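# Coordinate analysis (summary)
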Amino acid sequence: MSSKKVKLAWDDLQMSEREQQALAEYLTFLSEGKTERKAWQLLESWAENRGFLPLDDLRSFEQGQKVRLSVRAKAGILAIAGRRPLKDGFRLVAAHIDAPRLDIKQNPLYEEEGMAFFKTHYYGGIKKYQWTALPLALHGVVFLKEGHKVEISVGENEEDPIFTINDLLPHLAKEQYDKKLREAIPGEGLNLLIGHNPVNEDGEERVKHAILNILKTKYSIDEDDFVSAELEVVPAGKARYAGFDRSFIVGYGQDDRVCSFAAWRAIEKIEKPEWTTIVLFADKEEIGSDSNTGMKARYLENFVAELLALQNGTYDGLMVRRSMARAKALSADVAAGYDPNFAEVMDKRNSAFMGRGIVISKYTGSRGKAESNDANPEFVAEVRRIFDEAKITWQTAELGKVDQGGGGTIAQYMAVYGMEVLDCGVGILSMHAPWETSSVADLIMMMRGYHAFLAYNA
Ligand code: MN
Ligand code: MN
C-alpha cells in the first residue's frame, strides 16, 4: 500500500546553527517585546548593532548602505540600498508589531469594597472571557505634564507582583453560563485588580490612597498623570517551546511578531542587494491601521522620498510615485492555522496547516473578499517561483470558510500606491488568545522565504 506523503516543512528541514540561534532569539523577542514600543526597541537595537544608521545621519544612499527610521518609537523601517536605483522600485516585507491587549483607561483608578482596580479598554479583537483569572503584566509609559517620561514594567520578573482580572465562581455562574460567550464578560467588566492594603489613617478610599502613595514613591506619578499615559496589560510570563518534541512555540503576541521577527532575520542576512530592500514594522494594525504610527499614515512614502532625495540630490514627487508603484511587497501577517477541534469553520482544501510551511494568501477579506487586497496572479506566480527555487515549503490558504471568516491586514494600505502586494505569513493556532501557538518548522520556512524574496536578483 503506497500513499503519497504530505510534504511537510519538517522534511529535510536541516536547521543551520544560525537558525537554531534565531529560535532562541525569537523566544527572547516574544518574552521581552510585549508592547509595540518594546518590540521596536529590540528591533532597533539589533539593527543598530548590524550597522543600520538613523536616517538623519545619512549623507548618501549607495548599494549596501543600511538605514533605519523610528516612527514615534512605536513603529519603524529598516532599509538597505540596492545596486539598482531606488526609483526603479524596491522589495518590501511589512509586518506589524502591535498585538491585542487591554489598555488602561485615562481615568482608571477606583476603589470598591476595599479593593482597588484599574479600568481597561481592550485593544483589538479579543475574546474577553480569555483574559480573566490569569497572571497579567503591566507595561508602558507615562509622560508627566512637563514632558518627563516614566517607564513602567511590572509582572515579568520572578520577584515582581502580577495582576489579574476576577472571574465568577462556577457555583454562582448559573446565569453567566446561559449568556452568549461574547456577553459573559462585558468590556466594562475587565477591571484589573491592583491592591487592597489600605493606608492606616482616617478618610475615604483608603486603599486607593495607598495605591497612589506607591505610584508616587515608585514612579513619581500622580493620579492625573494617567491622562498622558500609554499603559498596556498583557499576559505575564515567558514564551516557551510546547510539545514533548518542542515543535511548537507558545507565546503572547505572535500575531504578528512572528512575521516581524522573520522579516528582521531575513534582512539581517543581506549585505549588498540587487534591489533596495525594505522591512517595515507597523503599529495599530489590530485596530484598523489608523493613527500616525499605523500603516495608513504615510511614513513609508516619506521614507522612500527621503532616500530618493539622497540618491538624486533633490526631491522629485514623480520619482517617489514611480518608485512606490514599481515596488514588490509581501504583507507579512499570520493566517488561521487549521485546527481539527474547529474543523467546521475551515475549508480543508484552502487552509493553512501547521507544519506545511510558509503561507501565501492571494486575498484575505471577508464574505465576498470585502476589504481585501486581491493579489495579481502575475505576482503570485513570481513569488511561487522564488519560493520553489529557494526550496521553501509553502502552501496557500484563505482565512476560514467563505461565509465564516476573513480579516484585514496592512496589504491594502500598501496596494494604494500601485505596488504588487501579496499576503504571506504562517498559520497560528489560538490567534488573538493571550497565548498563541506557532510551529517551529513554519517559522524557519518563513525566515528562509522572506530572505529569498528580499534577496531575489531579477
Ligand atoms: Mn496580524
Ligand atoms: Mn491580528
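For the structure given in this document, a descriptive report is provided here.

### Observations regarding the pattern of salt bridges
Going through the model one piece at a time under the given rule, you end up with 28 salt bridges. A salt bridge links glutamate 25 to arginine 265; its shortest N-O distance comes to 2.7 Å. Taken as a pair, glutamate 25 in helix 1 (residues 17–32) and arginine 265 in helix 6 (residues 254–268) lie far apart in primary sequence, 240 residues in all. Salt-bridge contacts for glutamate 188 lead to lysine 119; the nearest nitrogen and oxygen are separated by 3.2 Å.

### Looking at the sheet that holds strand 7 (residues 136–143)
The seven strands are arranged 8-7-11-5-6-10-9 in an open sheet whose pairing can be described as antiparallel. Each of the sheet's edge strands pairs with one partner strand only, and the pair in question is strand 8 (149–154) and strand 9 (164–165). With eight bridges joining them, strand 5 (residues 101–112) and strand 6 (residues 115–123) adopt antiparallel strand pairing. Bridged to isoleucine 104 within strand 6 is threonine 120. Relative to strand 5, helix 5 (residues 206–219) is tilted by about 130°, and along the sheet it contacts strand 5, strand 6, strand 8 and strand 10 (192–195).

### Digging into the coordination of the manganese ion (ligand 1)
Donor atoms from the polypeptide that coordinate the manganese ion (ligand 1) comprise His96 (NE2), Asp255 (OD), Asp333 (OD) and Asp333 (OD), at 2.1 to 2.5 Å from the metal. Of note, the donors binding the manganese ion (ligand 1) are all from one chain and are spaced H-x158-D-x77-D.

### What to know about the packing of helix 7 (residues 299–312) against helix 8 (residues 317–325)
Between helix 7 and helix 8, whose axes approach to 9 Å, the crossing angle comes to 115°. In this structure, helix 7 crosses over helix 8, and the sense of that crossing is right-handed. Side by side, helix 7 and helix 8 meet where Leu300, Glu301, Val304, Ala305, Leu308 and Asn312 of the first sit next to Met319, Val320, Ser323 and Met324 of the second. When grouped by side-chain class, the residues that make up the contact of helix 7 with helix 8 number seven nonpolar, two polar and one charged.

Cut-offs applied
Residues numbered from 1 in each chain as written. Chains lettered and ligands numbered in written order. Predicted model: local features only at pLDDT ≥ 70, side-chain atom pairs only at ≥ 80, totals over all residues. Heavy atoms only, no water. Salt bridge = Lys/Arg side-chain N within 4 Å of Asp/Glu carboxyl O. Helix = DSSP H or I, 4+ residues; strand = E, 2+ residues; numbered from the N terminus. Pairing = 2+ DSSP bridges. Contact = heavy atoms within 4.5 Å. Axes fitted to C-alpha atoms, helices over the stretch in contact; angles between N-to-C directions. Donors = N, O, S within 2.8 Å, 3.2 Å for Na, K, Ca; no water. Left-handed = near helix turned anticlockwise from the far one by under 90°. Nonpolar A, V, L, I, M, F, W, Y, C, P; charged D, E, K, R; others polar.

Taken by themselves, the reported measurements are silent on function.
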